[in-house]
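These are the residues of each chain, in order.
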Amino acid sequence: MTLRRASTICLLRDAPGLEVLMVRRPESARFMAGAWVFPGGSVDAEDWATDTGEVRSLSSDDHGWRAAGLRELAEEVGIWVTTAGTRVGAVSDDVYESVRRDGLVLDARALACFANWITPEPLPVRFDTRFFAATVGGEVVPLVDGREVVAATWIAPDTALERAARQEWLVAFPTRKTLELLADYPSSSSFLDYARSLNEVPAVQPRLRIDGADVAIVLPDDPGYTAAGIDEQDPTFMDRLAVAAKGPGDVAPELR
């Protein structure tokens, strides 16, 4: 299955403790319906084609990922991270056309990549998603677009994890692991310092383990990761996964 490139932005602020912006996908969405996620989406050809007049980047290696994250942030919640500072305003047309017309430059240098998640191999929709962090100061009120996302809120990572644990929020596995990481940092600047200190960001590809009617997501350091990889190659795996995912237990939104 072909991997689609995607980008996610963890936009952080201090209020006074660290808070992250999260958005809710509509129930009508084909993928991750109703889940609470970070702003982001697929990397398009136009994201790679942007030049320094539209997006100021550090290098060409991940330019498309960074540009896509900034574009999606503007499209979904009306937040524009530019070289002139953070601005809020609804998108009236194409994001890149807007920055050209208004004399702005999206600031990809403000983003720090700290994670790279790859969807488990058997799933029919797979993404190679890079996670970026950025910080904003002051009161930034998101403008929900009503199509790609239907709600948005600033929230402390621990509070988001509690809502997920109480099954009030649907939260995907990589999102939950990111919230756990964010919860270890007292401020947005301390997390951004951590993200910028990383020399490399290895890709992490979870695997799926089916045990009767239960499905577990396992990481490379977890027991059973190798065995899960072998089982994923079984021709009956997707049939068994479909049965388990329709069972009475809780199902991760990315497996729906």
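About the criteria used
Residues numbered from 1 in each chain as written. Predicted model: local features only at pLDDT ≥ 70, side-chain atom pairs only at ≥ 80, totals over all residues. Heavy atoms only, no water. Core = buried A, V, L, I, M, F, W, Y, C linked by side-chain atoms within 4.5 Å. Buried < 20%, exposed > 50% of the residue type's maximum accessible area, 1.4 Å probe, protein only. Helix = DSSP H or I, 4+ residues; strand = E, 2+ residues; numbered from the N terminus. Contact = heavy atoms within 4.5 Å. Polar contact = N/O pair within 3.5 Å; in protein donor to acceptor, adjacent residues only side chain to side chain.

(A) Examining the nonpolar core more closely. Leu11, Val55, Leu70, Leu73, Ile79 and Leu106 are the most contacted members of the largest nonpolar core, which totals 34 residues. Broken down by secondary-structure element, the contributors of at least two residues to this core are strand S1 (4-14), strand S2 (18-24), helix H2 (63-77), strand S6 (79-82), helix H3 (95-102) and strand S10 (127-135). The element best represented in this core is H2, accounting for 7 residues. When neighbours within four sequence positions are excluded, Leu70 is seen to be in contact with Ile9, Val55, Val81, Leu106, Asp107, Ala108 and Leu111. Ala115, Ala160, Val171 and Phe173 belong to the second largest nonpolar core, which has 26 residues in total.

(B) How the structure looks around the environment of Asp44. Considering the arrangement of structural elements, one finds Asp44 in the loop between strand S4 (40-42) and helix H1 (45-49). Here Asp44 falls in the partly exposed class, since its relative accessible area comes to 32%. Expressed as a C-alpha distance, the spacing of Asp44 and Gly137, which sit 93 residues apart in the sequence, is 29 Å. At 3.3 Å, the side chain of Asp44 forms a polar contact with the side chain of Arg71.

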